[in-house]
Amino acid sequence: MLNLLVPALVFAQGSVEDYVEQGIAEGQSEDFDKAITDFDHAVQLNPNQVEVYNYRGVIKARKGDMEGAIADFDRAVERDPKYPHAYLNRGIARQTKSDFAGALSDYIRYSALGLQGLANNYVSLYIWLVRIRQNAIAEANKELSSYLEQRSDASAGDWVYKIGEFLLDKMSE
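Residues numbered from 1 in each chain as written. Predicted model: local features only at pLDDT ≥ 70, side-chain atom pairs only at ≥ 80, totals over all residues. Heavy atoms only, no water.

Caption draft 1: Spotlight on the overall build of the protein chain. A tally of regular secondary structure across the protein chain gives 10 helices and 0 strands. Ordered by position from the N terminus, the helices and strands of the protein chain form the series α-α-α-α-α-α-α-α-α-α. By the burial criterion, 40% of the 173 residues in the protein chain qualify as buried. For the protein chain, the proportion of contacts with a sequence separation of at least 24, taken over those separated by at least 6, is 41%. (Helix = DSSP H or I, 4+ residues; strand = E, 2+ residues; numbered from the N terminus. Buried < 20%, exposed > 50% of the residue type's maximum accessible area, 1.4 Å probe, protein only. Contact = heavy atoms within 4.5 Å.)

Caption draft 2: Spatial organisation of the nonpolar core. Membership of the largest hydrophobic core comes to 27 residues, with the highest contact counts inside it found for Val52 and Tyr107. Of all the secondary-structure elements, those providing two or more residues to this core are helix H2 (16-28), helix H3 (32-45), helix H4 (50-63), helix H5 (66-79), helix H6 (84-96), helix H7 (100-112) and helix H8 (118-133). Considering each element in turn, this core owes the most residues, 6 residues, to H3. In this structure, Tyr107 is in contact with Leu88, Gly91, Ile92, Gln95, Val123, Tyr126, Ile127 and Val130, ignoring residues within four places of it in sequence. In this structure, Leu125, Trp128, Leu144 and Leu148 belong to the second largest nonpolar core, which totals 8 residues. (Core = buried A, V, L, I, M, F, W, Y, C linked by side-chain atoms within 4.5 Å.)

Caption draft 3: Here's a closer look at the packing of aromatic side chains. In total, this model carries 4 aromatic pairs according to the counting rule given. Between Tyr107 and Tyr126, the aromatic rings sit 5.3 Å apart at their centres with planes inclined by 35 degrees, giving tilted as the arrangement. With a gap of 19 residues between them, Tyr107 in helix H7 and Tyr126 in helix H8 connect regions that are remote in the sequence. By relative accessible area, Tyr126 is classed as partly exposed at 24%. Plain terms: the ring middles of Tyr122 and Tyr126 are 6.4 Å apart, the flat faces sit at 15 degrees to each other, and that makes the pair stacked. Placement of both Tyr122 and Tyr126 in helix H8 is noted, with a separation of 4 residues, approximately one turn of the helix. Each residue in the set Tyr107, Tyr122, Tyr126 and Trp159 is aromatic and connected to the rest through ring pairs, giving one cluster. (Phe/Tyr/Trp six-rings, centres within 6.5 Å; stacked < 30°, edge-to-face > 60°.)

Caption draft 4: Layout of H7. Its 13 residues place the ends of H7 18 Å apart at the C-alpha level, agreeing with the 18 Å of an ideal helix rising 1.5 Å per residue. Looking one or two places after H7, you find Gly114, whose phi comes out positive at around 80 degrees. (Expected span 1.5 Å × (residues − 1).)

Caption draft 5: Main features of the packing of H6 against H7. H7 packs onto H6 with a crossing angle of 160 degrees between their chain directions and a minimal axis gap of 8 Å. The pairing of H6 with H7 is recorded here as roughly antiparallel in orientation. As H6 runs across H7, the sense of the crossing is left-handed. Packed against H6, whose contacting residues are Pro84, Tyr87, Leu88, Arg90, Gly91, Ile92, Arg94 and Gln95, the element H7 presents Phe100, Gly102, Ala103, Asp106, Tyr107, Arg109 and Tyr110 at the interface. For the contact of H6 with H7, the class distribution of residues is 8 nonpolar, 3 polar and 4 charged. (Axes fitted to C-alpha atoms, helices over the stretch in contact; angles between N-to-C directions. Parallel < 35°, antiparallel > 145°, perpendicular 65-115°, else oblique. Left-handed = near helix turned anticlockwise from the far one by under 90°. Nonpolar A, V, L, I, M, F, W, Y, C, P; charged D, E, K, R; others polar.)

Shown next, in the form of C-alpha cells:
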C-alpha cells in the first residue's frame, strides 16, 4: 500500500516543468479546469516563469474567460516585455472583446519584436482586420500591401499572399 502512495507524493511535489507538461496535455484534451489548476501550481512554484502565465492565459481564453486571459498575458509582459507570444495572445483576446485599440497595440508590438514565419503572417492579417474595424481602410490596405511586397519567404501563390490579395480586392474568390 505504501508503494502506491510514493508516486502520488512525488507528483504532488512536482517541478514547474511537470505541472506545465500536465497542464498542456490537459488543455489539449480540453480539460481546462485541471489545466488551469496545474498552471496555478507551476506559478506557485515559480512566479517568474513567463511561459506559464502565457499558457494559463491561452487556456483561460479557450475557456471563454477573456478577462482572466488578459490578466495572465499582462503578467507575462510585466515579467518579460520582450516575450512575443504574450503580445500576440493578448491581442487576440483583446480583439475578441472588441478592444481594437488594445489589440492593435499588441499586434504592432509583436511585429516590432522581429519574429518571422507563419505567426507574423497572421499578425499582418490581424492588423488589417483591426484597422478595418477602426474604419482606417486606406491605412489597412497600405500596410498589408507593403507587408505582402516585402515578404521574402513567399511566392505569389502561397495562401497568405492569396488572402492578402483578396482582402485588397486584387483577386476574386
